[in-house]
Amino acid sequence: MRFRHPDGSTVHLAYCTNVHPAETLDGVLAQLRDHCEPVRRRLGRDRLGIGLWLARDAARALEGDPSALRALRTELDRRGLEVVTLNGFPYEGFGAEQVKYRVYRPDWADPERLDHTTALARVLAGLLPDDVTEGSISTLPLAWRTAADDERAAARAALVTLGERLDALAELTGRSLRVGLEPEPGCVVETTGDALAPLTAIDHPRIGICVDTCHLATSFEDPHTALDALARAGVPVVKSQLSAALHAEQPHLPEVREALAAFDEPRFLHQTRTSTAAGLRGTDDLGEAVEGDALPDGAPWRSHFHVPLHAAPAAPLTSTLPVLKTALTRLVGGPHPLTRHLEVETYTWQALPPELRPHTRAQLADGIAAELTLARDLLTDLGLKELP
């Protein structure tokens, strides 16, 4: 979906296809048919943006076969879909029964992460619509926090090399590709504040940040403070993922703990945080917080569980949608957008408590369409004009 900002620039809105995990190119093509096109039709749009997730095998197949890349571009056009952004965070196995810590491998200290991201950039250059010259890729924030100092240094060096490769790709193709580190709880770069030092040290205009509003909220970051700091440091916001975290206002209550426990599931990691006078406290997963006294419970808890934007959990829980709204106002509500690439990323539909999950493809498409409708309404309320 495209929107005209009051300054005349185009802002793109997509939804991320990591909610339909596929490891192969054939699986990606099936996604377009079975999921993405039905969402477009529900929205009554002739064109819909998707934030494509390409696992390692699919990316390699496309990078190594120009005819396959052209065929994918043709299929996107045929189904009324377009791609200006990729989710390069998960590498493979995102649809496995248990993902948890595996999503952080390979990290940026491993040469395979650099090679994979380079492949994604080359693929995206070939998928961009004819009238679009800028693409974006989100990626993991260096590594999980246990990375040693030499691994962190290797990760930063790899990003410097990536910047050089993106420069060469722009010269070759005329397409400008940028990559954004996506701060996430538990990682070397957990917050936007943590991103400032490595990104200013790298100091490359094609390497910036991806602001995920669920992660921002989980770490109790104030959107204005975070975005002000990025602007002062000259760190570009490459893209923003529009998402909402799980919020518990009174975690000391038994009924709140019981409600939270229903979201403790085996596939994904749901880092949980609370803000105290001594600073941020947290656990690596929701179960650790719910089942014991690992977290103080005198203040609200937030958990890294991407809940549907349009459907907050039932009381006594809620979502951090207000944080998303505040961030979006700052990102695109000013005289000029801080980023032109927005991506709804709710990949946890099938990890929701059973009574909240979609049970058919049609129900899932309805839910994704409802999320995009909410995001569209937020953008038009900020003065952006929806384009055909």
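Please refer to the structure placed before this passage.
Predicted, not measured: the structure shown is a model, and the values here were computed from it.

Right, let's talk about the overall build of the protein for a bit. Helix and strand counts for the protein come out as 12 helices and 15 strands. Counting only C-alpha atoms and orienting by the principal axes, one finds that the protein spans roughly 55 × 50 × 45 Å. Per-residue burial for the protein yields a buried fraction of 59% across its 388 residues. Of the contacts formed within the protein by residues at least 6 apart in sequence, a portion of 79% connects residues at least 24 apart. As displayed, the protein has an accessible area near 14800 Å², and 50% of this comes from carbon and sulfur atoms. Taken as two groups, the 40 positive and 55 negative side-chain charges of the protein have centres that lie 5 Å from each other.

For the coordinates displayed, the defined rule picks out eight aromatic pairs. Between the aromatic rings of Phe-94 and Phe-268, the centroid separation amounts to 5.1 Å while the plane-to-plane angle is 45 degrees, which identifies the pairing as tilted. Taken together, the positions of Phe-94 in the loop between strand E4 (81–87) and helix H4 (111–127) and Phe-268 in the loop between helix H9 (254–261) and strand E10 (272–276) put the pair 174 residues apart, joining distant regions of the chain. A single burial state applies to Phe-94 and to Phe-268, both of which are buried. For the ring pair Tyr-101 and Trp-144, a centre distance of 5.3 Å and an interplane angle of 85 degrees mean the geometry is edge-to-face. With Tyr-101 in the loop between E4 and H4 and Trp-144 in the loop between strand E5 (134–139) and helix H5 (149–173), this residue pair connects regions lying 43 residues apart in the sequence. We classify Trp-144 as buried; its relative accessible area is 11%. Through successive ring pairs, a cluster of aromatic residues spans Trp-53, Phe-94, Phe-268 and Tyr-347. Looking at Arg-302, its charged tip hangs above the ring of Phe-220, at a distance of 4.4 Å from the centre.

To continue, consider the sheet that holds strand E9 (residues 244–248). The five strands lie next to each other as E11-E10-E12-E9-E13, forming an open sheet whose pairing is antiparallel. Across the chains shown, the open sheet's two edge strands, defined by having one partner strand only, are strand E11 (279–283) and strand E13 (317–319). Each neighbouring strand pair of the sheet contributes to a mean axis angle of 30 degrees, computed without reference to strand direction. Of the pairings in the sheet, the one linking E10 to E11 comprises five bridges and is antiparallel in character. When the bridges of E11 are listed, Thr-272 appears paired with Thr-283.

What follows is about the pattern of salt bridges. When their charged atoms lie close together, side chains carrying opposite charge are able to pair. Taken as a whole and assessed by the stated rule, the structure comprises 29 salt bridges. A salt bridge links Asp-130 to Arg-73, with the nearest nitrogen and oxygen atoms 3.0 Å apart. Of this pair, Asp-130 sits in the loop between H4 and E5 while Arg-73 sits in helix H3 (residues 66–78); the two residues are 57 residues apart in sequence, bridging distant segments of the chain. Given the relative accessible area of 16%, Arg-73 is considered buried.

Position of Thr-274 among the secondary structure elements: in strand E10. A relative accessible area of 0% places Thr-274 in the buried class. At a separation of 2.8 Å, a polar atom in the side chain of Thr-274 contacts the main-chain carbonyl oxygen of Pro-300. When residues no more than four places from it in sequence are discounted, the contact partners of Thr-274 are Phe-220, Gly-279, Leu-280, Arg-281, Leu-295, Pro-296, Ala-299, Pro-300 and Trp-301.

By the secondary structure assignment, His-252 is in the loop between E9 and H9. For the pair His-252 and Gly-298, spaced 46 residues apart in sequence, the C-alpha separation works out to 6.7 Å.

Our focus in this paragraph is helix H8 (residues 223–233). Along an α-helix, a turn takes 3.6 residues, which lines up residues three or four apart on a common side. Residues Pro-223, Ala-226, Leu-227, Ala-229 and Leu-230 constitute the buried set of H8. Seen along its axis, H8 keeps its buried residues to an arc of 155 degrees; they face one direction. The outward face of H8, more than 90 degrees from its buried face, is lined by the exposed residues Thr-225, Ala-231 and Arg-232. Elements that come into contact with the buried residues of H8 comprise helix H6 (192–202), strand E7 (207–212), helix H7 (213–218), strand E8 (237–242) and helix H11 (321–332). Two to three positions downstream of the cap, the backbone nitrogen of His-224 sits 3.2 Å from a side-chain oxygen, assigning the N-cap of H8 to Asp-222. One or two residues past the end of H8 sits Gly-234, with phi positive at roughly 75 degrees.

For the rest of this paragraph, the subject is the pairing of E4. Within E4, seven of the seven residues are buried, which leaves it mostly tucked inside the rest of the structure. Where strand E3 (residues 48–52) and E4 come together, four bridges link them in parallel fashion. Within E4, the residue paired with Gly-51 across the bridge is Thr-85. Read as a crossover between parallel neighbours, the route from E4 over H4 to E5 is right-handed.

Here the focus is unusual backbone geometry. Residue Arg-105 is joined to Pro-106 through a cis peptide bond whose omega torsion reads -10 degrees. Here Pro-106 lies in the loop between E4 and H4. For the bond running from Ala-315 to Pro-316, omega is 15 degrees, close enough to zero to count as cis. As for its position among the elements, Pro-316 is in the loop between strand E12 (301–307) and E13. Located in the positive-phi region is Leu-142, a residue other than glycine, with phi close to 70 degrees. Looking at the secondary structure, you find Leu-142 in the loop between E5 and H5. Notably, Asp-203 is not glycine yet its phi reads approximately 50 degrees, a positive angle.

Reading the values: rules and limits
Residues numbered from 1 in each chain as written. Predicted model: local features only at pLDDT ≥ 70, side-chain atom pairs only at ≥ 80, totals over all residues. Heavy atoms only, no water. Helix = DSSP H or I, 4+ residues; strand = E, 2+ residues; numbered from the N terminus. Buried < 20%, exposed > 50% of the residue type's maximum accessible area, 1.4 Å probe, protein only. Contact = heavy atoms within 4.5 Å. Areas by Shrake-Rupley, 256 points an atom, 1.4 Å probe, with all protein chains shown as cover. Lys, Arg positive; Asp, Glu negative; His and termini not counted. Charge placed at Lys NZ, Arg CZ, Asp CG, Glu CD. Phe/Tyr/Trp six-rings, centres within 6.5 Å; stacked < 30°, edge-to-face > 60°. Lys NZ or Arg CZ within 6 Å of the ring centre and 35° of its normal. Pairing = 2+ DSSP bridges. Axes fitted to C-alpha atoms, helices over the stretch in contact; angles between N-to-C directions. Salt bridge = Lys/Arg side-chain N within 4 Å of Asp/Glu carboxyl O. Polar contact = N/O pair within 3.5 Å; in protein donor to acceptor, adjacent residues only side chain to side chain. Arc of directions from axis to C-beta. Right-handed = clockwise from strand over helix to strand, strands pointing away.

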